[in-house]
Amino acid sequence: MAFNIPQAEGVTSQPYDAPPGAFVPEVRCGLLDLERIRACRPLPNELVDGRLVRSWYRSLEAHQQREGLRTLRGGDARTFYVHPPNALKTDDAFLSRARDLVGQGQIPDVQRGQWDLTGLACDWAYAQRRESIVFLIKGRDVGLSRVRRCLKSLAMQEDSRFGIILIDDASEGLFPWQIGRLLEPFRDRCTLVRRSQNVGRIPNFRLGIRELCVDPEALVVVLDMDDALLSRNCVGRLRAEYERGCDVVLASMFRPDKPTKLYHPDFVEPRRHWGGEVWIHLRAFRKRLFDAISPEDLQLDGRWIEQCTGYATMLPIVKACRK
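In this text the structure is predicted, and so the values were computed from the model without any measurement. (Residues numbered from 1 in each chain as written. Predicted model: local features only at pLDDT ≥ 70, side-chain atom pairs only at ≥ 80, totals over all residues. Heavy atoms only, no water.)

Quick question: what am I supposed to make of the sheet that holds strand β5 (residues 133-139) here?
Within a sheet, adjacent strands bond to each other through the backbone by hydrogen bonds, running parallel or antiparallel. Ordered by their spatial adjacency, six strands build an open sheet running β7-β6-β5-β8-β10-β9, and the pairing between neighbours is mixed. Of all the strands in the sheet, just β7 (190-194) and β9 (248-250) have a single pairing partner and so form its edges. Across the sheet, the mean angle separating the axes of adjacent strands is 15° when strand polarity is ignored. Contacts from helix α4 (residues 144-155) reach β5, β6 (163-168) and β8 (219-224) within the one sheet, and its direction differs from that of β5 by about 170°. (Pairing = 2+ DSSP bridges. Helix = DSSP H or I, 4+ residues; strand = E, 2+ residues; numbered from the N terminus. Axes fitted to C-alpha atoms, helices over the stretch in contact; angles between N-to-C directions. Contact = heavy atoms within 4.5 Å.)

Structure (structure tokens):
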């Protein structure tokens, strides 16, 4: 029995069917009854120069045609497969993005009705965010309970006019596949990216802000996956400062490991005061300020900065901000 290929929009199921002697036993994504297959032996095949002419599934296909048996295809359209041809397996970035989007059930129209992975990079693109306030949430190997806490703190906001970009940087285990259901409250307001390989914070910043956030005047609000908002009015406060014309907005943070610690951001000369605490959480800034940072300023010896990325991004942003 073979699973569906991606069906057209609105198709919920396909009746299980097959013409006599067909289809070819599905080796890409199907269910095989091994006991029944073994009972069919010997399967038709020939030896040429000491090698079998047919692969096992072509041999089984010949047996089906001879005996009038069938391999069924159909079923619930939510269960399907997409087969990547060998020619596409050398493009790791494209294949990883397509695999993630297929896993999220986000199929471009060009793929519907097709067995093999098809389409261009623009067809297999993550949804861009056009909201005026966009939360960029990122992390790796964060406990599920903390991610749930983070997203619940967003779901409780009185002002829900914001978008979310959530990037998981190749967490181990099943965690990446558990994120989707946590994002249900946000539905069309959220873009999920699940990296197949760890790339680091700066590449994720660049993907989320430069590529997925559209409006140059949008207020990008940076949250780690283990952060949580403490008030239902956080978005309302951010919007008030956004509408007042602020380029950068910082908010006090509470750290359970340092419950009495107070932070005093220095917007005037942060470089002279060890970063001036402008890296604190919650931090927000206009997209255009991040876009203005040259790639070279986010690199050391030709490689993306891996540590202290809050300093690396916020110091030039604070220097360039007007209000």
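Just to check I follow, could you spell out the packing of α4 against helix α5 (residues 175-182) for this structure?
For any two helices packed against each other, the geometry comes down to the angle between their axes and how far apart the axes lie. At a minimum axis distance of 11 Å, the contact between α4 and α5 shows a crossing angle of 25°. The orientation of α4 relative to α5 falls into the category roughly parallel. Like other packed secondary-structure pairs, α4 and α5 cross with a definite hand, here right-handed. Taking contact as the criterion, the partners of Leu144, Val147, Arg148 and Leu151 in α4 are, on α5, Phe175, Gln178, Arg181 and Leu182. (Parallel < 35°, antiparallel > 145°, perpendicular 65-115°, else oblique. Left-handed = near helix turned anticlockwise from the far one by under 90°.)

Just to check I follow, could you spell out the pairing of strand β10 (residues 283-286) for this structure?
Regular strands have side chains that alternate between both faces of the sheet. A two-sided burial pattern is seen for β10, the buried positions comprising Arg283 and Phe285 on one face and Ala284 and Arg286 on the other. As paired elements, β8 and β10 share four bridges and run antiparallel to each other. Bridged to Val220 within β10 is Phe285. In this structure, β9 lies alongside β10, joined through three bridges in antiparallel fashion. Within β10, the residue paired with Val248 across the bridge is Phe285. (Buried < 20%, exposed > 50% of the residue type's maximum accessible area, 1.4 Å probe, protein only.)

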